[in-house]
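What the coordinates show
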Amino acid sequence: MIYLDNSATTKPHKEVMQTFLAVNEQYYANPASIHAMGVESHELLMRAREQIAHILRTDAKNILFTSGGTESNNTAILGLARGNTHKGKHILTTVIEHPSVLESVKQLEKEGFEVEYLTVGKNGVISIEELRAKVRKDTVLVSIMHVNNEMGAIQPIFEAAKIVHELSRAAFHVDAVQSFGKLPITFNGEDGPDCITISGHKIHGFKGSGVLAFRKKMQWEPYALGGGQEFGLRSGTVAVPQAVALAKAARMAVETMAVHEPKFRTWHEEICTVLRNYGDEVHILSTTEGAAHILSFSVRDLKGEILINALQKRGVIVSTSSACSSKQTKTSHVVEALHIDEHFKNGVIRVSFGAHVTDEEIAQFKLVLNEVLMELKGELLQ
C-alpha cells in the first residue's frame with residue numbers, strides 16, 4: 001500500500017516507538033511522586049520539556065503537554081479568552097480554521113464574546129489589510145492557523161502577529177499542527193506568536209500527545225482542575241512516555257526538515273503536472289506558494305469517494321480534503337470559503353506526504369492516478 005494521507009496521521013518512527021517502550025518499561029512511576037522513582041520520571045519529563053522549549057526558543061516552564069492538537073487549541077482559546085475578559089471580549093479568527101478552533105469560539109460566543117471571522121482569497125490566504133481593519137483595542141484573542149489542513153495555504157503569521165501586538169493587547173494563538181516540522185515555526189521575540197499548538201501524530205509521533213507552547217507567561221483560566229500538574233494549567237497525571245516520545249519526534253522532524261521539504265516540493269509539482277494534462281476537468285486547490293506536503297485537487301462532477309475508492313483498489317491511500325470531516329456528506333467549510341465552482345465542490349481529494357514516502361512510491365502513484373482519471377472521466381483532453 002502507498003500511504004499518502006499523512007496530514008490525517010503519520011506512521012510513528014521506529015526510534016519514537018522504541019523511546020516510548022523504553023520509558024514505559026523503566027520510568028513508569030508517577031512524576032509527581034516524591035520517592036526516587038518518581039523523581040527520575042519527573043527529571044525525564046523535564047528533559048523532554050526542555051528539548052521542545054529549545055526547538056521553539058522559549059523557556060521550559062512555557063511548555064504544556066496535552067493529548068493533542070484539539071485539546072491544545074481548546075485550551076488556548078478557552079483559557080486565554082476567559083482569563084483576560086478585563087482586556088475585552090472581542091475575538092478574531094479565520095473562516096478556514098480547524099473545527100477545534102471554530103467550535104471553541106462558538107462556545108465563547110454563547111458566553112457573551114463577540115467573534116469575527118477573517119475571509120480568505122482563492123489561494124486560501126487571509127488579507128493583512130482586513131486583519132488590520134478588524135483588530136480592536138478590546139480584541140482579547142486572535143487565532144490563525146499556520147498551514148491549512150485541507151489545501152495547504154500558508155498564513156503570514158509573523159506579519160499578523162506584529163499587527164496584533166501593535167493594535168491591541170490580544171494574545172495571538174497559532175495552530176501549527178500542519179506546519180511544525182515542515183516549515184520554520186518558533187517564537188520570534190515580540191513580533192512572533194504568543195502561543196503555538198503542536199500535535200504528535202502529525203510528525204511521526206503518537207496519537208494522544210501534543211503541546212501547547214507559550215512565548216511568555218500569560219494570564220490564564222485553566223479548565224482541567226485537580227492536582228495542579230503542568231504548572232496548574234492542566235491537572236492530571238502527566239503521561240511521561242508520550243511526552244518523551246513527542247520530544248523525540250519533534251527533534252527528528254526539525255532535524256530532517258531541510259531534507260524533506262525540497263523532496264515534497266518536487267513531488268507536489270510532478271503530481272500537478274499530471275493533473276494539468278486534464279485541463280478544465282481538474283481543479284487544483286493548492287498553490288505553489290502553499291505548503292509542499294499538501295496537495296488538494298478536484299475532478300469535475302466526480303465525488304471524492306469514488307476517486308478515493310478507485311485509488312485504493314490500486315493500492316493507494318489518500319483522503320477527502322479533511323479527515324476530521326471525511327465521513328460527513330456536506331461540503332467542507334474550507335472548500336466553501338474558497339468559492340470554487342459548484343462542479344468541483346464535492347470531489348476534493350487531499351494527497352499528503354510524510355517522511356516514509358519514497359520516490360518510487362510517488363512514481364507509481366502518478367501512473368495509478370493517470371490510469372484512474374482516464375478510466376473515470378474518459379479521454380478528457382479530446
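Everything numeric in this text was worked out from a predicted model, so none of it was measured.

1. Things to note about the packing of aromatic side chains
- Considering all chains together, one arrives at 5 aromatic pairs under this definition.
- Between Phe-264 and Trp-267 the ring centres are 5.8 Å apart and the planes differ by 40°, which places this aromatic pair in the tilted class. Pair noted here: Phe-264 and Trp-267 are both in helix H7 (residues 240–276), with a separation of 3 residues, about one helical turn. Side by side, Phe-264 and Trp-267 carry an identical accessibility label, which is buried.
- Connected via pairs of aromatic rings, a cluster forms that spans Phe-264, Trp-267 and Phe-353.

2. Points about the environment of Ile-96
- Checked against the element boundaries, Ile-96 lands in the loop between strand E3 (90–94) and helix H4 (99–110).
- With relative accessibility at 1%, the residue Ile-96 sits in the buried group.
- Separated by 143 residues in sequence, Ile-96 and Ala-239 place their C-alpha atoms 32 Å apart.
- What Ile-96 contacts, discounting residues up to four positions off in sequence, is Val-120, Gly-124, Met-145, Asn-148, Gln-155, His-333, Val-334 and Ala-337.

3. Points about the nonpolar core
- Among the nonpolar cores identified, the biggest contains 61 residues, and Phe-65 and Phe-172 are the most heavily contacted of them.
- If one sorts the elements of this core by residue count, H7 sits on top with 10 residues.

4. Some thoughts on the side chain of Thr-186
- Note on placement: Thr-186 falls in the loop between strand E6 (171–175) and strand E7 (195–199).
- Classification of Thr-186 by relative accessible area gives buried; the value is 17%.
- Beyond its immediate stretch of four places on either side in the chain, Thr-186 contacts Ile-55, Leu-56, Arg-57, Phe-158, Pro-193 and Ile-196.

5. Describing the sheet that holds strand E8 (residues 210–214)
- Across the sheet, 7 strands lie side by side as E2-E8-E7-E6-E5-E3-E4; this open sheet has mixed pairing. In this open sheet, the two edge strands, each paired with only one partner strand, are strand E2 (63–66) and strand E4 (114–118). Averaged over neighbouring strand pairs, the angle between their axes works out to 20° when direction is ignored.
- Judged from the 3 bridges that link them, E6 and E7 form a sheet pairing that is parallel. Bridging across to E7, Val-174 finds its partner in Ile-196.

6. Here we look at H4
- Taking 1.5 Å per residue as the helical rise, H4 with its 12 residues ought to reach 16 Å, and the 16 Å between its terminal C-alpha atoms agrees with that figure.
- Ser-100, Val-101, Leu-102, Ser-104, Val-105 and Leu-108 are the residues of H4 that are buried.
- Phi turns positive one or two residues past the end of H4, at Gly-112, with a value near 105°.

7. A few points about the sheet that holds strand E10 (residues 294–299)
- With respect to topology, 4 strands assemble into an open sheet ordered E9-E10-E13-E12, the strand pairing being antiparallel. Each edge of the open sheet carries a strand with a single partner, namely strand E9 (282–284) and strand E12 (319–320).
- Judged from the 2 bridges that link them, E12 and strand E13 (residues 348–352) form a sheet pairing that is antiparallel. Residue pairing in the sheet places Ser-319 in a bridge with Arg-350 of E13.

8. What to know about the pairing of E6
- When you tally the buried positions in E6, you get 5 out of 5 residues, the bulk of the element.
- Neither face of E6 is exposed, since Ala-171, His-173 and Asp-175 on one face and Phe-172 and Val-174 on the opposite face are all buried.
- Here 3 bridges tie strand E5 (residues 139–143) to E6, and the two strands are oriented parallel to one another. When the sheet's bridge partners are listed, Ser-143 is paired in E6 with His-173.
- Once the chain exits E5 it traverses helix H6 (residues 157–167) before rejoining the sheet at E6, and the crossover so formed is right-handed.

9. Points about unusual backbone geometry
- The backbone of Arg-57 shows a phi angle near 65°, a positive value even though the residue is not glycine.
- Take Arg-57: it is sitting in the loop between helix H2 (36–56) and E2.
- Judged by relative accessible area, Arg-57 falls into the exposed class, the value being 61%.
- The backbone phi angle of His-204 is positive, close to 65°, even though this residue is not glycine.

10. A short note on the environment of Phe-297
- With respect to the helices, strands and loops of the structure, Phe-297 is situated in strand E10.
- Setting aside anything within four residues of it in sequence, one finds Phe-297 in contact with Leu-275, Val-282, His-283, Ile-284, Leu-285, Leu-307, Gly-347, Val-348, Ile-349, Val-351 and Leu-369.

Thresholds applied
- Sequence order as written defines residue numbering, which begins from 1 separately in each chain.
- Side-chain atom pairs in this predicted model are given and counted only at pLDDT of 80 or more, local residue features only at pLDDT of at least 70, and totals for whole chains, interfaces and linings cover all residues.
- With hydrogens and water set aside, each side-chain value is computed from the structure's full complement of heavy atoms.
- For this analysis, a ring pair means two rings from Phe, Tyr or Trp (six-membered ring only for Trp) whose centres lie within 6.5 Å, classed as stacked if their planes differ by under 30 degrees, edge-to-face if by over 60, and tilted for the remaining angles.
- Helix and strand definitions follow DSSP, with helices as H or I runs of at least four residues and strands as E runs of at least two, each counted in order from the N terminus.
- Only protein chains enter the accessibility calculation, which uses a 1.4 Å probe. A residue is then buried if its area is under 20% of the maximum for its type, exposed if over 50%, and partly exposed in between.
- Residues are treated as being in contact if the distance between any of their heavy atoms lies within 4.5 Å.
- Joining through side-chain atoms within 4.5 Å is the link that ties buried Ala, Val, Leu, Ile, Met, Phe, Trp, Tyr and Cys residues into a set, and such a set is a nonpolar core.
- Pairing between strands is defined by DSSP: at least two bridges between them are needed.
- Interaxial angle, 0 to 180 degrees, is taken between N-to-C directions of lines fitted to C-alpha atoms, where a helix line uses only the stretch in contact.
- Given a helix with a known number of residues, its expected span is that number minus one, times 1.5 Å.
- Place the viewer so that the strands point away; then a crossover is right-handed whenever the path from the first strand over the helix to the second strand goes clockwise.

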